[in-house]
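Listed below, chain by chain, are the residues.
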Amino acid sequence: NSFCTLLEATMPPKQAPPPMPDPTRPPADLPAEERYDWQLTMTLARLQRLYRENIRVLEERFHYDVYKPSWFSETIVQKKPFITFLGPFSAGKSTFINYLMQSNYLLTGPQPLTDKFTVIMHGDEITQIPGRVLVADSSQPFRGLNQFGDSFIECFGGLLAPHPILKSVNLIDTPGVLEAAGDVHQRRYDYIKVCRWFIERSDLVFFLFDPTKLDA
Ligand SMILES: Nc1nc2c(ncn2[C@@H]2O[C@H](COP(=O)(O)OP(=O)(O)OP(=O)(O)O)[C@@H](O)[C@H]2O)c(=O)[nH]1
Ligand SMILES: [Mg+2]
């Protein structure tokens, strides 16, 4: 307790934060079709602020993330739903995402191609973000991925793209399951645990299979 009191004494005095709009009362001049999005954005903003002002402070003070990846904070900070694509290699995961985006952002082809877990997020122009940058950014929900080590972080990255779908969701492209491909492609991180991490945080998971290779 005395340690906390000492810490408090060294912290700058708190300034009253500016008031936030009431999420249940959209501006009267807002068109009806934009009301739902406005309410959603405001509710999430308030939740994030509650987290930032009341919980993050405690987490940081007691180094909570050293002991346990912060499940609660990640869920709150994670603003957009995750849609994850899983399945064997060459099932068409990247092709499907490219089709959704009406683009060729992701490499596709008949051999195992995707070698990174890639989070596709909204941005004004196509930009690659190294995994190391994403896992270090406390405003992003990826800090927990540090537990899988450097070998994994090298196989993780972000891609900003300007498609409007990405304003509502984040898409996650994954490297395919390599059962049939032998040791050549053996991974230097725990693929199953990483998949589980993404599945647990996803709102929707697509498993893709090639019906002509169901024996693989
Ligand atoms: N016939 C057919 N071919 C497809 C379809 N979807 C993808 N392909 C082809 O299948 C191959 C593999 O597609 P990818 O999208 O790279 O597969 P992936 O699941 O991302 O594979 P990895 O990244 O290696 O895990 C490519 O040559 C695609 O052109 C489909 O619906 N029908
Ligand atoms: Mg792929």
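Here, every reference points to the structure presented above.
Small disclaimer: the values here were computed from a predicted structure and weren't measured.

## Observations concerning the coordination of the magnesium ion (ligand 2)
Working step 1: At the metal site, the magnesium ion (ligand 2) is ligated by S94 (OG) and T114 (OG1), and these contacts range over 2.0 Å. Pair noted here: S94 is in helix α5 (residues 93–101) and T114 is in the loop between α5 and β2 (117–122), with a separation of 20 residues, a long-range link.

## A closer look at the pattern of salt bridges
Working step 1: Counted by the stated rule, this structure contains seven salt bridges.
Working step 2: Taking the shortest distance from any N to any O, the salt bridge between E200 and R201 comes out at 3.7 Å.
Working step 3: For E200, a relative accessible area of 47% translates into the label partly exposed.
Working step 4: Residue classification places R201 among the buried positions, given a relative accessible area of 13%.

## Here's the deal with the pairing of strand β4 (residues 156–161)
Working step 1: Within β4, six of the six residues are buried, which leaves it mostly tucked inside the rest of the structure.
Working step 2: Where burial is concerned, the two faces of β4 agree: the one with F156, G158 and L160 and the one with G157, L159 and A161 are both buried.
Working step 3: Sheet topology places β2 next to β4; six bridges connect them, and they run parallel. Along β4, the bridge assignment pairs F117 with F156.

## What to know about the site of ligand 1
Working step 1: Surrounding ligand 1, one finds 17 residues, the nearest of these being S90, K93, T95, L113 and T114.
Working step 2: A distance of 2.4 Å separates an oxygen atom of ligand 1 from a polar side-chain atom of T95.
Working step 3: P110 places a main-chain nitrogen or oxygen 3.5 Å from an oxygen atom of ligand 1.
Working step 4: Relative to its unbound accessible area of 650 Å², ligand 1 is 62% covered by the protein chains.
Working step 5: Looking at the shell around ligand 1 residue by residue, the class counts come to seven nonpolar, nine polar and one charged.

## Structural notes on helix α8 (residues 191–201)
Working step 1: Among the residues of α8, those classed as buried are Y191, V194, C195, W197, F198 and R201. Along the long axis of α8, the arc covered by the buried residues comes to 155°, so they all point the same way.

## A word on the sheet that holds β2
Working step 1: On the basis of which strands lie adjacent, the open sheet formed by six strands has the order β3-β4-β2-β5-β1-β6 and mixed pairing. At either end of the open sheet lies a strand with only one pairing partner, and these are β3 (127–130) and β6 (204–207). Taken over all neighbouring pairs, the strand axes of this sheet differ in orientation by 20° on average, direction set aside.
Working step 2: Note: strand β1 (residues 82–86) against β6, four bridges, orientation parallel. Considered in β6, the bridge of L86 is made with F207.

Parameters at a glance
Residues numbered from 1 in each chain as written. Chains lettered and ligands numbered in written order. Predicted model: local features only at pLDDT ≥ 70, side-chain atom pairs only at ≥ 80, totals over all residues. Heavy atoms only, no water. Donors = N, O, S within 2.8 Å, 3.2 Å for Na, K, Ca; no water. Helix = DSSP H or I, 4+ residues; strand = E, 2+ residues; numbered from the N terminus. Salt bridge = Lys/Arg side-chain N within 4 Å of Asp/Glu carboxyl O. Buried < 20%, exposed > 50% of the residue type's maximum accessible area, 1.4 Å probe, protein only. Pairing = 2+ DSSP bridges. Near = heavy atom within 4 Å. Polar contact = N/O pair within 3.5 Å; in protein donor to acceptor, adjacent residues only side chain to side chain. Areas by Shrake-Rupley, 256 points an atom, 1.4 Å probe, with all protein chains shown as cover. Nonpolar A, V, L, I, M, F, W, Y, C, P; charged D, E, K, R; others polar. Arc of directions from axis to C-beta. Axes fitted to C-alpha atoms, helices over the stretch in contact; angles between N-to-C directions.

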